[in-house]
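Fold and geometry: a report
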Amino acid sequence: MIKGFKMKLFPGMEAEYERRHNLLWTEMKEMIHEHGGKNYTIFLDRETLTLFGYIEIEDEALWAKGADTAINRKWWDYMADIMETNRDNSPVSVDLKTVFHLD
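Values in this document were obtained by computation on a predicted structure and should not be read as measured data.

1. Quick notes on the pattern of salt bridges
- For the structure on display, the rule yields six salt bridges.
- When the shortest N-O distance is used, the salt bridge between Glu 60 and Lys 3 registers 3.1 Å. Note that Glu 60 is positioned in helix 3 (residues 60-65) and Lys 3 in strand 1 (residues 2-8), a separation of 57 residues in sequence.
- One salt bridge in this structure joins Arg 20 and Asp 81, with 2.9 Å as the shortest N-O distance. Highlighted residues: Arg 20 in helix 1 (residues 14-22) and Asp 81 in the loop between helix 4 (70-79) and strand 4 (94-96), separated in sequence by 61 residues.

2. As for the environment of His 33
- Its place among the elements puts His 33 in helix 2 (residues 26-34).
- Looking at His 33, the relative accessible area reads 52%, which means it is exposed.

3. Quick look at helix 2
- Regarding helix 2, the residues found buried are Met 28, Met 31 and Ile 32. The buried residues of helix 2 occupy an angular sector of 100 degrees when the element is viewed end-on, so they sit on one face. Exposed side chains of helix 2 directed beyond 90 degrees from the buried face belong to His 33 and Glu 34.
- In this structure, the buried residues of helix 2 make contact with strand 2 (37-45), strand 3 (50-57), helix 3 and helix 4.
- Just downstream of helix 2, Gly 36 is the residue with a positive phi angle, here 85 degrees.

4. A look at the pairing of strand 1
- Relative to strand 3, strand 1 is paired through seven bridges, and the arrangement is antiparallel. Note on strand 3: the bridge partner recorded for Ile 2 is Glu 56.

Criteria and thresholds
- Residues numbered from 1 in each chain as written.
- Predicted model: local features only at pLDDT ≥ 70, side-chain atom pairs only at ≥ 80, totals over all residues.
- Heavy atoms only, no water.
- Salt bridge = Lys/Arg side-chain N within 4 Å of Asp/Glu carboxyl O.
- Helix = DSSP H or I, 4+ residues; strand = E, 2+ residues; numbered from the N terminus.
- Buried < 20%, exposed > 50% of the residue type's maximum accessible area, 1.4 Å probe, protein only.
- Arc of directions from axis to C-beta.
- Contact = heavy atoms within 4.5 Å.
- Pairing = 2+ DSSP bridges.

So this is what it looks like as structure tokens:
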């Protein structure tokens, strides 16, 4: 199963967002894999500061459980100062509808 979603950076935070992801914590990588995520890619539209995420997951329910892990909540807190977030510091994320896929 593939998921596409979008998020939004604050102005001037492009380099910091990339830096933090280039140093992604080992525990976050493990959590993503343990919850069925792989081939995770995030793209940036520099004009709008919109981030586009693509991830392949094994199961929607398993993936959703990852959001409630301590390491994931710590990551959300860490990223909250550079991007749009909800009250719980989770990123404002909008799922995108798949309209075409070629394997």
